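# Notes for the structure review
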Amino acid sequence: MNVSLCVVACNEEKYLPRLLDDIREQTYSHSKIEVVLVDSMSVDNTKKCMEQFKEEFGEEFLRIAVVPNPGRIQSCGWNEALVHFTTDVIMRVDAHSHIPPDFVKKQVENLESGEMVSGGVRPALAESDLPWEHTLLLAEESMFGSSVSSFRRKGTRAYVKSFFHGAYRREVFEKAGGFREDLGRTEDNEMHYRIRQNGYRLCMSPDIISYQYIRPTFRKMCRQKFGNGYWIGLTAGVCPGCLSLYHFVPGAFICGILLTTFLFLAGIRWPGVVMWGLYWLLAVVMAVLAVRGQKKSIVQCLLPLLFFALHLSYGVGTAAGLAVMPFWRGKHKACESVDRVREALNTENGEEMGIKNGE
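Because the structure is predicted, anything quoted here is derived from the model rather than measured.

### Focus: the packing of helix H9 (residues 218-235) against helix H12 (residues 303-329)
- Between H9 and H12, the shortest axis-to-axis distance is 6 Å and the interhelical angle comes to 35 degrees. As H9 packs across H12, the resulting crossing turns out to be right-handed.
- Among the residues forming the contact of H9 with H12, the class breakdown is 18 nonpolar, 7 polar and 1 charged.

### Looking at the sheet that holds strand E11 (residues 211-213)
- Spatial strand order, E5-E11-E7: 3 strands in an open sheet with mixed pairing. Two strands close off the open sheet at either side, each with one partner strand: strand E5 (97-98) and strand E7 (124-125).
- Here 2 bridges tie E7 to E11, and the two strands are oriented parallel to one another. Of the residues in E11, the one forming a bridge with Ala124 is Gln212.

### Things to note about the pattern of salt bridges
- Enumeration according to the criterion identifies 15 salt bridges in this entry.
- In this structure, Lys14 engages Glu127 in a salt bridge whose closest nitrogen and oxygen atoms are separated by 2.7 Å. With Lys14 in the loop between strand E1 (3-9) and helix H1 (16-24) and Glu127 in the loop between E7 and helix H5 (131-141), this pair connects stretches of sequence that are 113 residues apart.
- Taking the relative accessible area as the measure of exposure, Lys14 reaches 52% and is therefore exposed.
- Through salt bridges with shared partners, one network takes in Arg92, Asp94, Glu187 and Asp188.

### With respect to the nonpolar core
- With 29 residues, the main nonpolar core has Leu5, Ile23, Phe53 and Val104 as its most contacted residues.
- For this core, the secondary-structure elements that each account for two or more residues are E1, H1, strand E2 (33-39), helix H2 (46-57), strand E4 (89-94) and helix H4 (103-112).
- Excluding its chain neighbours within four sequence positions, the residues that come into contact with Ile23 are Leu5, Val7, His30, Val35, Phe53, Phe61 and Ile99.
- Counting 27 residues, the second-largest nonpolar core is a separate cluster that includes Val36, Phe85, Tyr200 and Val341.

### Topic: the packing of H5 against H12
- Running from N to C, H5 and H12 point in directions that differ by 60 degrees, and their axes come no closer than 10 Å. The angle between H5 and H12 places the two elements in the oblique class. The two elements H5 and H12 meet at a crossing, and its hand is right-handed. Contacts between H5 and H12 involve Trp132, Thr135, Leu136, Leu138 and Ala139 from the former and Leu303, Leu306, Phe307 and Leu310 from the latter.
- Split into classes, the residues belonging to the contact of H5 with H12 amount to 8 nonpolar, 1 polar and no charged.

### What about the sheet that holds E2?
- In spatial order, the strands read E3-E2-E1-E4-E9-E6-E10-E8; together these 8 strands make up an open sheet with mixed pairing. Two strands in the sheet have a free side with no partner beyond their single neighbour: strand E3 (63-68) and strand E8 (158-160). Strand-to-strand, the axes of this sheet are offset by a mean angle of 30 degrees, without reference to chain direction.
- One ladder, built from 7 bridges, connects E1 with E2; its direction is parallel. Counted as the bridge partner of Val7 is Leu37 from E2.
- The strands that H2 touches are E1, E2 and E3; relative to E2, the one it contacts most, it runs at about 160 degrees.
- The strands that helix H8 (residues 187-197) touches are E4, strand E6 (117-121), E8, strand E9 (167-169) and strand E10 (202-209); relative to E10, the one it contacts most, it runs at about 125 degrees.

### Looking at unusual backbone geometry
- Positioned with a positive phi, Asn11 is a non-glycine residue whose angle comes to about 55 degrees.
- With respect to the helices and strands, the residue Asn11 is situated in the loop between E1 and H1.
- Although it is not a glycine, Arg72 sits at a positive phi angle of roughly 70 degrees.
- As for its position among the elements, Arg72 is in the loop between E3 and helix H3 (74-84).

### Quick look at the confidence of the model for the protein chain
- Looking at the protein chain, the pLDDT average stands at 91 and 94% of residues meet or exceed 70.
- Taken element by element, the protein chain is modelled with least confidence in helix H6 (residues 150-153), mean pLDDT 49, and with most confidence in E2, mean pLDDT 98.
- Here residues 352-359 is a poorly scored stretch, pLDDT under 50, and it has 1 contact once near neighbours within four places are set aside; other chains count.

Scoring rules and cut-offs
Residues numbered from 1 in each chain as written. Predicted model: local features only at pLDDT ≥ 70, side-chain atom pairs only at ≥ 80, totals over all residues. Heavy atoms only, no water. Axes fitted to C-alpha atoms, helices over the stretch in contact; angles between N-to-C directions. Helix = DSSP H or I, 4+ residues; strand = E, 2+ residues; numbered from the N terminus. Left-handed = near helix turned anticlockwise from the far one by under 90°. Nonpolar A, V, L, I, M, F, W, Y, C, P; charged D, E, K, R; others polar. Pairing = 2+ DSSP bridges. Salt bridge = Lys/Arg side-chain N within 4 Å of Asp/Glu carboxyl O. Buried < 20%, exposed > 50% of the residue type's maximum accessible area, 1.4 Å probe, protein only. Core = buried A, V, L, I, M, F, W, Y, C linked by side-chain atoms within 4.5 Å. Contact = heavy atoms within 4.5 Å. Parallel < 35°, antiparallel > 145°, perpendicular 65-115°, else oblique. pLDDT = per-residue confidence, 0-100.

Listed below in structure tokens is the structure:
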């Protein structure tokens, strides 16, 4: 089975070389791997790194293509990958990631078992072993600090709603269409929802593992959480079905803060005492569970405060997104990129069939 491994990157000169090394170390036959590298108009050496990889290893792989992404954002980049890959399977890998040598092999095995969409678990990694960065990793990996998403910790083979770094047969996108280019952080959720609506199932195997590097600083991590929450708020207006209840828990937390503060000022204190007492008790308990079995450091005492900062950032982002959403939704009820990519894929497939049939 020939497959396409696709990477979209923007100013990732720090991470991309490591990921390209991972691609070269794949145990699956390189003669069956097409590599599609999409550059989102980087201003650093990202594109140079891609072109150098193509020049040095072009003959080693089935094909290496370097494709520009004028739209710059991720969803535009993945649509560029969709209209440029030439095999029967496309695999998505984020530039901020690490994949083990058997990643492609395991994905192919899952697809060859009869699945149309395949994926696995995606734990997080820290860039270094510095105590503070390791503490950020603990906060990100904790169910309390991040989320209960199945792609983070699912232990058994199952059909799920969404995951990172999936592998998809071409037919899936021919039917479901491309990514919505008006979505920022939630393009995966919406696409996977549409894939499920078209009758396909997302098969997650715990044997398929890939990793994503966490944001290396507290400020960047909080900014990431705010952005995630913001796009949850916006997406609720155009595709609420692609979101789960847990996406809105931080937003509900913000409502709880506002409500208990109002009640406190009105002289009703017990709701705030109960909410904050339970919250900080749970934060401390989850911090203790997070550091269990880990090398201990004094900065780990800050985990409860880190949890609070991440929840606050995500919740404020959700509130901001929901506030803007009614005005934003009016301009984004539909997105033409979905149909544009579907038509391109089906036209290409039709032309190939015509050639095969001698038309």
